[in-house]
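Given next are the chains, with one letter for each unit.
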Amino acid sequence: DTGVSQNPRHKITKRGQNVTFRCDPISEHNRLYWYRQTLGQGPEFLTYFQNEAQLEKSRLLSDRFSAERPKGSFSTLEIQRTEQGDSAMYLCASSLAQGGDTQYFGPGTRLTVL
Amino acid sequence: GDSVTQMEGPVTLSEEAFLTINCTYTATGYPSLFWYVQYPGEGLQLLLKATKADDKGSNKGFEATYRKETTSFHLEKGSVQVSDSAVYFCALSDRTGGFKTIFGAGTRLFVKA
């Protein structure tokens with residue numbers, strides 16, 4: 001399967017703990033996006049990378065959130081000192097930079113903060 | 001900023017009924033428009049897209065036409081099936097925004113046998 005993959009699929013953590021999620025994009029895609037989806041809402045943009053460069057961050061991305069894409073392939077999203085309000089589905093998507101308006105989404109990581 | 005507004009759900013239809021889900025958008029540039037579908041327990045899947053005015057996107061019997069004059073991209077299907085039950089998201093992306101996608105809140109569709 002050459003689609004976007006995300007790990008873990010589910011994460012339960014206690015408030016105050018740090019968590020890290022991983023996204024592996026489609027191999028030839030050089031753009032990678034992170035979104036957050038809460039229950040009953042559409043996904044909201046968090047950040048995106050072109051290759052290893054992080055080109056935009058949403059104001060939703062507080063200083064407790066950090067994302068990396070060190071070699072322009074997989075990406076990680078870390079949340080430090082988790083809060084209950086961080087409970088959501090975290091989605092990753094990838095696309096081509098050339099004519100890349102179509103994004104392909106992974107299955108998501110569901111985070112529950114107790 | 002750019003935004004997408006779609007009709008609230010849930011929408012409940014009987015099998016073989018006609019479906020319309022309304023979607024309007026606000027954008028400063030010339031965005032591409034999309035419909036994504038999320039089946040129960042699954043991830044987002046691209047259903048169809050249109051990249052310029054008057055384009056019609058179609059897939060699996062669903063259609064939507066990019067109407068610049070009314071800033072709309074309504075989703076239609078002539079005869080729904082139980083298997084179409086899902087949440088449908090209207091979305092846009094604009095090259096001026098790095099192609100990040102802006103989504104509507106989603107419309108849940110239930111189709112009864």
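Residues numbered from 1 in each chain as written. Chains lettered and ligands numbered in written order. Predicted model: local features only at pLDDT ≥ 70, side-chain atom pairs only at ≥ 80, totals over all residues. Heavy atoms only, no water.

J.: When you look at the sheet that holds strand E7 (residues 56-59) of chain B in this model, what are you seeing that I'm missing?
T.: Pairing between sheet strands relies on hydrogen bonds along the backbone, with the strands arranged either parallel or antiparallel. Residues and elements named next belong to chain B. Taken together, four strands build an open sheet; the order of strands is E3-E9-E8-E7 and the sheet is antiparallel. Because the sheet does not close on itself, it has two edges, and the strands there are strand E3 (19-21) and E7. For this sheet the average axis-to-axis angle between neighbouring strands, irrespective of direction, equals 15°. Relative to strand E9 (residues 75-77), strand E8 (residues 62-65) is paired through three bridges, and the arrangement is antiparallel. Looking across to E9, one finds that Ala-64 is bridged to Leu-75. (Pairing = 2+ DSSP bridges. Helix = DSSP H or I, 4+ residues; strand = E, 2+ residues; numbered from the N terminus. Axes fitted to C-alpha atoms, helices over the stretch in contact; angles between N-to-C directions.)

J.: Would you take a moment to explain the interface of chain A and chain B for this structure?
T.: In many reports, interface size means the accessible area that the parts give up when they come together. Between chain A and chain B, the contact holds 19 residues from the first and 19 residues from the second. Among the residues of chain A in contact with chain B, Pro43(A), Asp101(A) and Phe105(A) are the three that bury the most area, contributing 34% of the side total. At the boundary of chain A and chain B, one finds one salt bridge. Note that Glu56(A) and Lys100(B) form a salt bridge whose closest N and O atoms lie 2.8 Å from each other. On the surface where chain A and chain B come into contact, there are six residue pairs in polar contact (both at pLDDT 80 or more). For the side of chain A that touches chain B, the elements supplying multiple residues, two or more each, are strand E4 (31-37) and strand E5 (44-50) of chain A. Looking at the side of chain A that touches chain B element by element, the count peaks at four residues for E4(A). Here the side of chain A that touches chain B is composed, by residue class, of eight nonpolar, eight polar and three charged. (Contact = heavy atoms within 4.5 Å. Buried area = accessible area lost by both parts, 1.4 Å probe. Salt bridge = Lys/Arg side-chain N within 4 Å of Asp/Glu carboxyl O. Polar contact = N/O pair within 3.5 Å; in protein donor to acceptor, adjacent residues only side chain to side chain. Nonpolar A, V, L, I, M, F, W, Y, C, P; charged D, E, K, R; others polar.)

J.: Looking at this structure, how should I read unusual backbone geometry?
T.: If a residue is not glycine, its phi is most likely negative; likewise, a peptide bond is most likely trans. A cis amide bond links Asn7(A) to the next residue, Pro8(A), at an omega of -10°. Note that Pro8(A) resides in the loop between strand E1 (5-7) and strand E2 (10-13). In this structure, Asp54(B) takes a positive phi of about 75° despite not being glycine. With respect to the helices and strands, the residue Asp54(B) is situated in the loop between strand E6 (44-50) and E7. Phi at Thr71(B) is positive, roughly 45°, even though this residue is not glycine. Secondary-structure assignment places Thr71(B) in the loop between E8 and E9.

J.: Hey, could you run me through the environment of Ser75(A) in this one?
T.: All names here are of chain A. You can see Ser-75 is positioned in strand E8 (residues 75-79). Along the sequence, Ser-75 and Gln-37 sit 38 residues apart, while their C-alpha atoms lie 18 Å from each other. Among all residues touching Ser-75, those that are not within four sequence positions of it are Phe-21, Arg-22, Cys-23, Leu-32, Trp-34, Phe-49, Glu-68 and Arg-69. In this structure the side chain of Ser-75 is engaged in a polar contact, spanning 3.0 Å, whose partner is the side chain of Trp-34.

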